[in-house]
Amino acid sequence: MTPTEVSSRNSAKRSVLASAAAVALLTAGIGSAHASGFTFEGPGIGDQDFYMGAYVHSWSLEPDEDEFDDRYEFDGFGGGLFLGVRVFANVTIETRIFTGFGSQDDGDWEVDLQHALSTVGRFNIDLGTPFNNEFYIMGGISSYAYEGEYDGTEERKELFADYSLSGGLGLTHRVAPQAWIFVEYFNYSIGGDVDLDSWGAGGMYRF
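Rules used throughout
Sequence order sets the numbering: in each chain, residues are counted from 1 along the sequence as written. Thresholds applied to this predicted model are a pLDDT of at least 70 for local features of residues and 80 or more for the giving and counting of side-chain atom pairs; totals over whole chains, interfaces and linings are not thresholded and use all residues. Side-chain metrics rest on all non-hydrogen atoms present in the structure, leaving aside hydrogens and water. We count a stretch as a helix when DSSP gives it H or I for four or more residues in a row; a strand needs E for two or more, and each element gets its number in order from the N terminus. Burial classification: accessible surface area is computed with a 1.4 Å probe over protein chains only, and a residue below 20% of its type maximum counts as buried, one above 50% as exposed, and the rest as partly exposed. Nonpolar side chains (Val, Leu, Ile, Met, Phe, Trp, Tyr) within 5 Å and like charges within 9 Å form the patches, drawn only from residues with over 30% relative accessible area and no salt bridge. Only the protein chains shown count as covering a residue, and every accessible area follows the Shrake-Rupley method with a 1.4 Å probe. Salt-bridge detection follows one rule: a side-chain nitrogen of Lys or Arg within 4 Å of a carboxyl oxygen of Asp or Glu. Pairing of aromatic rings covers Phe, Tyr and Trp, the last counted by its six-membered ring, and requires centre-to-centre distances within 6.5 Å; plane angles under 30 degrees mean stacked, over 60 mean edge-to-face, and any other angle means tilted. Only strands that DSSP links by at least two bridges are regarded as paired with each other.

Asker: Can you lay out unusual backbone geometry for me, pointing to particular residues and giving the numbers?
Answerer: The backbone phi angle of Asn 132 is positive, close to 55°, even though this residue is not glycine. Relative to the elements of secondary structure, Asn 132 occurs in the loop between β5 (109-126) and β6 (134-150). Judged by its relative accessible area of 4%, Asn 132 is buried.

Shown next, in the form of structure tokens:
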């Protein structure tokens, strides 16, 4: 087995472990919310301990120069889903999954963003407006993987799979008693070997 194969296999194992940790944290949070009965801040919101939603983001990926022997940047669009649970007065735990739409190319390389799976803690700040707007800050861990093909090789392979610290921020706007829209920015690789971040908008339903 070559050093590259060993590195790829170890990265894949770390990605699986990060995903398992994400599921465990969310499960623990759900149990805590059932026991506590916490609700979101703001008048008229009621007992909404859980939330789910979807979003569309524009993403940007800059791989490690040592991996590609040059500097490349890939930009595209993608979509994601998330599920969250209230655990403290202004804190939720959230699991997010994101994937790119189609392939993106830069010079000799064509790359697909396969997935980015994140578990984050989210601190929500009620701004006290008539529409219960909230500002939120997220921090946690993400695993991500992308594959690609070098021009003319017709061989697609996994180029990178790893996990890293991640975080973001956003702003919500209430449009119905249990529905919100939001804009946000998210960085999947804080201090990691690649630069992978995204920004966009979505919708959320609390229950």
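Read on for the rest.
Asker: Please provide a residue-by-residue account of a nonpolar patch on the surface, values included.
Answerer: Nonpolar side chains collect at one region of the surface, where Phe 123, Ile 125, Leu 127, Ile 137, Leu 169, Leu 171, Val 183, Tyr 185 and Trp 199 lie side by side and expose about 810 Å² of accessible area between them. Counting through the fold element by element, Trp 199 comes out in strand β9 (residues 195-206).

Asker: I'd like to hear about the packing of aromatic side chains, residue by residue, with values.
Answerer: Under the defined criterion, the tally for this structure stands at eight aromatic pairs. Arranged with centres 5.8 Å apart and planes meeting at 65°, the rings of Phe 82 and Phe 182 form a pair that is edge-to-face. Pair noted here: Phe 82 is in strand β2 (residues 74-86) and Phe 182 is in strand β8 (residues 179-190), with a separation of 100 residues, a long-range link. Phe 182 carries the same exposure label as Phe 82, and that label is buried. Aromatic side chains Phe 98 and Tyr 188 sit 5.9 Å apart centroid to centroid with 20° between the ring planes, which places their arrangement in the stacked category.

Asker: For the pairing of β9, give the residues involved together with the corresponding values.
Answerer: In the case of a regular strand, side chains alternate between the two sheet surfaces. Burial along β9 is one-sided: Leu 196, Ser 198, Gly 200, Gly 202, Met 204 and Arg 206 are buried, and none of Asp 195, Asp 197, Trp 199, Ala 201, Gly 203 and Tyr 205, which face the opposite way, are. Two elements, strand β1 (residues 50-62) and β9, share 12 bridges in a ladder whose sense is antiparallel. Bridge pairing in β9 places Trp 59 opposite Ser 198. The pairing of β8 with β9 spans nine bridges and is classified as antiparallel. Across the sheet, Val 183 pairs through a bridge with Ala 201, a residue of β9.

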